[in-house]
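Secondary and tertiary structure notes
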Amino acid sequence: MTGHRPHSPAAARQLNHAINYLRDHVLADPAVADQPLVASTAAQHLAASVLSAFPNTALADEGSPERNDAHPVVLRRALAYIDDHADQPITVAQIAAAAHVTPRALQYAFRRHLDTTPLAHLRGVRLAEAHRDLVAADPAEASTVTGIAARWGFYHPGRFASLYRDMYRRAPHQTLNGG
């Protein structure tokens, strides 16, 4: 951090909104907040919000040589790491370390070759795993959509249902119930 005041009043409002959202919607439900992926995602969201609001040196500039480090081998390492650790709270920095590049170079690689971000790809992998769990679950054994979603880091059931419908063209409860 290079300053103690937000960039602008709008940045301060956005940070305040992020804090209130995490407090009121994510951490308010202990059953969801206790899930490791949810807690990790909430912490990452808060950290990103703080970095966005305050002056800092954490972000590489656009002219950085890191923009040239986007090789397919970087992606293969990163994708393998994501697949192997999707059930754990992982960060972009950890994915980048596994791929042997900086976080910014990793972001450029994903953007250039996959037209997405590392965290968006991770979300897609987790969504696929949640789908697999919904298909395999026995609703008679008290499996719930909310429980499965939270296990894979989706703390907001409505947001999970929306992402799920966009990907699988059906509601998650229909998959759970075998319909």
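This text follows the structure it describes.
To start, this report covers the structure provided alongside it.

So, how was this worked out
- Residues numbered from 1 in each chain as written.
- Predicted model: local features only at pLDDT ≥ 70, side-chain atom pairs only at ≥ 80, totals over all residues.
- Heavy atoms only, no water.
- Salt bridge = Lys/Arg side-chain N within 4 Å of Asp/Glu carboxyl O.
- Buried < 20%, exposed > 50% of the residue type's maximum accessible area, 1.4 Å probe, protein only.
- 1 Å grid on protein atoms, 1.4 Å probe; cavity = no way out; pocket = protein on both sides within 12 Å on 5 of 7 lines; lining within 4 Å.
- Points joined across faces, edges and corners; volume = space filled by probe spheres on them.
- Helix = DSSP H or I, 4+ residues; strand = E, 2+ residues; numbered from the N terminus.
- Polar contact = N/O pair within 3.5 Å; in protein donor to acceptor, adjacent residues only side chain to side chain.
- Contact = heavy atoms within 4.5 Å.
- Phe/Tyr/Trp six-rings, centres within 6.5 Å; stacked < 30°, edge-to-face > 60°.

Per the stated rule, a full pass over the model turns up four salt bridges. Between arginine 23 and aspartate 24 there is a salt bridge; the shortest N-O distance is 2.8 Å. Taking relative accessible area as the criterion, arginine 23 reaches 48% and is therefore assigned partly exposed. Put simply, arginine 111 and aspartate 115 hold a salt bridge, and the shortest N to O gap is 3.9 Å. Arginine 111 sits in the partly exposed class, given a relative accessible area of 44%. The class of aspartate 115 is exposed, set by a relative accessible area of 61%.

Before going further, it helps to spend a moment on the layout of surface pockets. Space inside the largest pocket adds up to approximately 1,200 Å³. Thr41, Gln44, His45, Ala48 and Leu119 are the residues nearest the centre of the largest pocket, which is lined by 41 residues in total. Taken together, the elements giving at least two residues each to the lining of the largest pocket come down to helix H1 (9-26), helix H3 (36-53), helix H5 (92-99), helix H6 (103-114), helix H7 (118-136) and helix H9 (157-168). No other element matches H3, which puts nine residues into the lining of the largest pocket.

So, on to the side chain of serine 49. For serine 49, the position within the fold is in helix H3. From its side chain, serine 49 meets the backbone oxygen of histidine 45 in a polar contact 2.9 Å long. Residues within four places of serine 49 in sequence aside, it is in contact with Leu15 and Ala18.

A word on the packing of aromatic side chains. Under the criterion given, the structure shown has four aromatic pairs. Centre to centre, the rings of tyrosine 164 and tyrosine 168 are 4.8 Å apart; their planes meet at 35 degrees, and the pair counts as tilted. A residue pair is termed a helical-turn pair when its members lie 3 or 4 positions apart in one helix, as tyrosine 164 and tyrosine 168 do in helix H9 at four residues. Owing to a relative accessible area of 24%, tyrosine 168 belongs among the partly exposed residues under this scheme.

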